Amino acid sequence: MDRLKVAFIGVGSISGIYLDNITKVFKNLDIAGVCDLIPERALNAQQKYGLPRVYTDMFEAFNDPQVDIILNLTRPYQHYEVTRLALEHGKHVYTEKPLGITMEEGNALVSLASSRCLMLGGAPDTFMGAGLQSCRKYIDSGTIGDPVGAAAFMICRGHETWHPDPDFYYQPGGGPMMDMGPYYITALASLLGPVARLVASGKRSFPKRFITSQPHAGDDIQVNVDTYVTGIMQFFSGAVGTIFTTFDVHYPTQARLEIYGSEGTLILPDPNHFCGPIRIFRPEEGQYADLPLLFDYKENSRGLGLSDMASAILSGRAPRAGMAQIHHVLDVLTGFERSAKTGKWIDMETAYSRPEPMVKAAFPGVL
Ligand SMILES: NC(=O)c1ccc[n+]([C@@H]2O[C@H](COP(=O)([O-])OP(=O)(O)OC[C@H]3O[C@@H](n4cnc5c(N)ncnc54)[C@H](O)[C@@H]3O)[C@@H](O)[C@H]2O)c1
């Protein structure tokens, strides 16, 4: 057997790119069926992609013996329940970020998956793309010397202007750190290693948000999470990272990710994307220079982590977007929340070591 079957739980906004990539790019996955609380969404996907089944509810998918992996594409506050039930039904799970919305949820899922010998992995997988993998190669080979620090900024005015159901971005499990922080923290951890301790400050600049996207234009959203969050992370390596995420600020570009080394500075691509320009500044050159991309998956390859997990299940190796990584990232995300509330430094509870770097693919879509 060299292919595994996936069932989708949730066929909302992000599902399209997974449907596209699983049906067109990744060679080790087939879709067994899809399921959504709003049945038209599942039926539309079935029709568009010629899928074998629409499940009436998630339990039908969990009980389908054809299904190897459950793909959890529900909203953050729904992740825990769906992942827990899927694991209890003996399925491997790949979840959209975050793993859960509290460490209690994350810890419970990790123990459950471990006790059942099931694989649990999850987004983001952008760190496996051409951009960040090339950065890893440059950093690991000493191009900027020893990394001394990093800065990450995700600055935008929120999602209520475009997302059809933007409420969840302002409820527990949402907010700029839980929503966008995973891309930046996963990128930094995969480049610099585990975080040892952190501190944060946060606030809600606007207690209500006004939806302008359809179909809820004119409704308002009560904000129940911090929407302006800054944090400092001390990495075990000795590097210090600064992160700023917000949904409160008008800003022309969203992302900034920089790593400072003893011999130079690396400007990295937007970690929400699989690719983008990489620039280096070295004092002897006196100006920025572009660095070439060295790896595959330059285009939007969401599902790459899932395909890698399928290959890991089939071959018995560790997945790259695996359980220890999504658990450590949740530790950091929830640590920022706790620190912002208490004003105290928080030590990380989770162990993490960087996954194997990507290797150049023999054929596109084969991991
Ligand atoms: N929208 C994006 O651009 C984007 C980008 C990256 C990651 N994500 C992540 O993807 C996840 C989903 O986001 P989205 O924007 O697609 O949300 P969405 O609200 O558009 O879709 C979620 C879907 O899950 C369905 N659902 C919820 N519980 C279910 C259940 N028990 N059984 C079946 N269906 C169920 C809902 O009916 C809904 O259609 C979130 O974790 C989000 O953080 C979203």
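These figures come from a predicted structure and were not determined experimentally. (Residues numbered from 1 in each chain as written. Predicted model: local features only at pLDDT ≥ 70, side-chain atom pairs only at ≥ 80, totals over all residues.)

> Would you mind going over the overall build of the chain with me for this structure?
Helix and strand counts for the chain come out as 9 helices and 16 strands. What you see for the chain is a C-alpha radius of gyration of 20 Å, in line with the 21 Å of a compact globule of 367 residues. The C-alpha extent of the chain, read off along each of the three principal axes, is 60 × 50 × 35 Å. The buried share of the chain, taken over its 367 residues, is 50%. (Helix = DSSP H or I, 4+ residues; strand = E, 2+ residues; numbered from the N terminus. Rg over C-alpha atoms; globule rule 2.2 N^0.38 Å. Buried ≥ 20, exposed ≤ 12 C-beta atoms within 10 Å, placed from the backbone.)

> Just checking my understanding: could you explain the domain arrangement of the chain for this structure?
Interface size is commonly expressed as the accessible surface area that is lost when the partners come together. The assigned domain composition of the chain is domain 1 (4–125 + 301–319) and domain 2 (127–291). Using C-alpha coordinates to define each centre, domain 1 is positioned 25 Å away from domain 2. The partner domain 2 presents 15 residues to the 13 residues of domain 1 that form the contact. Among the elements that line the side of domain 1 that touches domain 2, the one with the most residues is helix α8 (residues 304–315), at 3 residues. Partitioning the side of domain 1 that touches domain 2 into residue classes produces 6 nonpolar, 3 polar and 4 charged. (Domains from an automatic or database assignment. Contact = placed C-beta atoms within 7 Å. Nonpolar A, V, L, I, M, F, W, Y, C, P; charged D, E, K, R; others polar.)

> Would you mind showing me how to read the site of the ligand here?
Near the ligand lie 22 residues; those nearest to it are Gly10, Gly12, Ser13, Ile14 and Glu96. Element by element, the count of residues in the shell around the ligand is highest for helix α4 (residues 76–88), at 3 residues. Grouping the amino acids of the shell around the ligand by side-chain chemistry returns 10 nonpolar, 5 polar and 7 charged. (Near = placed C-beta within 6 Å.)

> For this particular structure, what's the right way to read the sheet that holds strand β4 (residues 92–95)?
Strand-to-strand pairing in sheets goes through backbone hydrogen bonds, with the strands running parallel or antiparallel. A sheet is described by the order of its strands in space; here 5 strands give the open sequence β2-β1-β3-β4-β5, paired in parallel fashion. Two strands in the sheet have a free side with no partner beyond their single neighbour: β2 (29–35) and β5 (120–122). Going from strand to strand, the sheet's axes swing by 25° on average, the running direction of each strand aside. Pairing between strand β1 (residues 4–9) and strand β3 (residues 69–72): 4 bridges, direction parallel. Looking at the pairing, Ile9 lines up with Asn72 of β3. (Pairing = 2+ DSSP bridges. Axes fitted to C-alpha atoms, helices over the stretch in contact; angles between N-to-C directions.)

> I would appreciate a short explanation of the environment of Gly90 in the present structure.
Looking at where Gly90 falls in the secondary structure, it is placed in the loop between α4 and β4. Since 13 C-beta atoms lie within 10 Å of it, Gly90 is described here as partly exposed. Along the chain, Gly90 and Ala113 lie 23 residues apart, while their C-alpha atoms are 9.1 Å from each other.

> How do you make sense of the sheet that holds strand β6 (residues 147–155) when you look at a structure like this?
Strand order in the open sheet formed by 9 strands is β15-β14-β13-β12-β6-β11-β10-β7-β16, and the pairing between neighbours is mixed. The sheet is open, and its two edges are formed by β15 (288–291) and β16 (346–347), each paired on a single side. Pairing geometry for β6 and strand β11 (residues 240–246), over 7 bridges, is parallel. Bridging from a neighbouring strand, Ala150 pairs with Gly241 of β11. Contacting β7 (195–203), β10 (228–235) and β16, helix α9 (residues 323–342) crosses the sheet at an angle of about 50° to β7.

> I would appreciate a short explanation of the nonpolar core in the present structure.
If you look at soluble globular proteins, the nonpolar side chains tend to sit buried side by side. Core analysis: the largest hydrophobic core is formed by 97 residues, its most contacted members being Val6, Ala7, Ile9, Cys35, Ile70 and Leu71. The element best represented in this core is helix α7 (residues 175–192), accounting for 11 residues. If you count residues domain by domain, this core takes at least three from each of domain 1 (4–125 + 301–319) and domain 2 (127–291). Those residues in contact with Val6 that lie beyond four places of it in its chain are Ile22, Leu29, Ile31, Ala32, Ile69 and Leu71. Of all hydrophobic cores here, the second largest spans 6 residues; its members include Tyr169, Ile211, Ile221 and Val223. (Core = buried A, V, L, I, M, F, W, Y, C linked by C-beta atoms within 7 Å.)

> What should I look at first to understand unusual backbone geometry in this one?
Note on backbone geometry: most residues besides glycine have negative phi, and most peptide bonds are trans. Residue Pro98 is bonded to the preceding Lys97 through a cis peptide linkage, with omega at -5°. One can find Pro98 in the loop between β4 and α5 (103–115). Going from Gln214 to Pro215, the amide bond is cis rather than trans, its omega being 10°. In this model, Cys117 sits at a positive phi of 55°, which is unusual for a non-glycine residue. Assignment of secondary structure puts Cys117 in the loop between α5 and β5.

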